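These are the residues of each chain, in order.
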Amino acid sequence: QVQLVESGGGLAQPGGSLRLSCTAYGSISDFDNIGWYRQAPGKQREFVAIIVNGDSAYYTDSVKGRFTISRDNSKNTMYLQMNSLKPEDTGVYYCNLKWVYVDHWGQGTQVTVSS
């Protein structure tokens, strides 16, 4: 019933910026528990940023001060603004929606940071 579609990934130079978007399609009653995760080749998927109960935002230490998670409830869309990008930010980024006690995932979008 619920499908998440991501966009905005691509190539960026160190110090550059990218903005990821993720839109949820389906009969969604709330958009209060959302997040972004990433996975580098050969590594486990890791938490990047989340919003809990539509109230508090949390970030992994490595992106604090550089990344911002936000949402637009009227559009069922979440965003990840990524500034001051570093090569170690490279990976596949996945959006997440927790709804009806189930985790829904986007298809992933590649982010590559390289000079």
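Residues numbered from 1 in each chain as written. Predicted model: local features only at pLDDT ≥ 70, side-chain atom pairs only at ≥ 80, totals over all residues. Heavy atoms only, no water.

1. Focus: the pattern of salt bridges
To keep it simple, the criterion reads: A pair is scored as a salt bridge if a Lys or Arg side-chain nitrogen falls within 4 Å of a carboxyl oxygen belonging to Asp or Glu. Strands are runs of DSSP state E lasting at least two residues, helices are runs of H or I lasting at least four, and both sets are numbered from the N terminus onward. Working definition: with a 1.4 Å probe on protein chains only, accessible area under 20% of the residue-type maximum means buried, over 50% means exposed, and in between means partly exposed.
Scanning the entire structure with this criterion turns up five salt bridges. We note a salt bridge from Arg38 to Asp89, for which the minimum N-O separation is 3.0 Å. Pair noted here: Arg38 is in strand 4 (residues 34-39) and Asp89 is in the loop between strand 8 (77-82) and strand 9 (91-99), with a separation of 51 residues, a long-range link. For the pair formed by Arg38 and Asp89, the shared burial category is buried. Each of Arg38, Glu46, Arg66 and Asp89 takes part in one network of salt bridges that share partners.

2. Re unusual backbone geometry
Backbone geometry places Asn53, a non-glycine residue, at a positive phi of 55°. Residue placement: Asn53 occurs in the loop between strand 5 (46-52) and strand 6 (56-59). By relative accessible area, which is 58% here, Asn53 ends up exposed. Positive phi values are uncommon outside glycine, yet Val100 reaches one of about 55°. Take Val100: it is sitting in the loop between strand 9 and strand 10 (102-105). Classification of Val100 as exposed rests on a relative accessible area of 52%.

3. Considering the environment of Asp55
Checked against the element boundaries, Asp55 lands in the loop between strand 5 and strand 6. Residues Asp55 and Asn33, spaced 22 residues apart in sequence, show a C-alpha to C-alpha distance of 9.0 Å.

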